[in-house]
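Structural features, examined
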Amino acid sequence: MAEPYRLLLTDRQGTVRDITELVSSLTWSGNVRQMPRELRGTLAIPRDGSVDPPALDEGSILTLQHSGQALYTGPLTSVTTESQSIAVDFDSMDRAFYLEQNEGWYQFNGNTPEEIVRAIC
């Protein structure tokens, strides 16, 4: 039997909530050669009060886990819903998005690899 996937939401206060049961669709794309990796999906959140809606604020962190190991971690970049719908669409990109947006030129002479990495980071 396959181990379950879990989707965790960490709000800005650091509170972690398992929102796996609300997921109606989920797509995870990207790899080490494609930056950034993306996580997109739809949550079904009933409007009848039977479920406490999660705080889906942009910047909150999504973590996709399998067998307790994080496969993906990244901030929510957009959340959309219609007032009459129970479906909430979300997009997330991992932090490689920030690396992809940067460009730098460096010249190092006589520095150790550790010094170079420290200067770039």
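Structure's up top.
Described in the following lines is the structure provided in the data block. Given the structure is predicted, the values throughout are model-derived calculations rather than measurements.

1. Side note on the pairing of strand β5 (residues 61-66)
Among the 6 residues that make up β5, 5 are buried, leaving the element largely enclosed by the rest of the structure. Where strand β1 (residues 5-10) meets β5, 6 bridges bridge the pair, whose relative direction is antiparallel. Along β5, the bridge assignment pairs Arg6 with Gln65. Alignment of β5 against strand β6 (residues 69-81), held across 6 bridges, turns out to be antiparallel.

2. Looking at the environment of Arg37
Along the polypeptide, Arg37 turns up in strand β4 (residues 34-44). For Arg37, a relative accessible area of 22% corresponds to the partly exposed category. Expressed as a C-alpha distance, the spacing of Arg37 and Asp94, which sit 57 residues apart in the sequence, is 5.6 Å. There is a polar contact of 2.8 Å between the side chain of Arg37 and the backbone oxygen of Leu71. For Arg37, the side chain forms a polar contact with the side chain of Asp94, separated by 3.0 Å.

3. Here we look at the environment of Leu22
When you line up the elements, Leu22 lands in the loop between β2 (16-18) and β3 (23-31). Residues within four places of Leu22 in sequence aside, it is in contact with Arg17, Thr42, Leu43, Ala44, Ile45, Val51 and Pro54.

Basis of the calculations
Residues numbered from 1 in each chain as written. Predicted model: local features only at pLDDT ≥ 70, side-chain atom pairs only at ≥ 80, totals over all residues. Heavy atoms only, no water. Buried < 20%, exposed > 50% of the residue type's maximum accessible area, 1.4 Å probe, protein only. Helix = DSSP H or I, 4+ residues; strand = E, 2+ residues; numbered from the N terminus. Pairing = 2+ DSSP bridges. Polar contact = N/O pair within 3.5 Å; in protein donor to acceptor, adjacent residues only side chain to side chain. Contact = heavy atoms within 4.5 Å.

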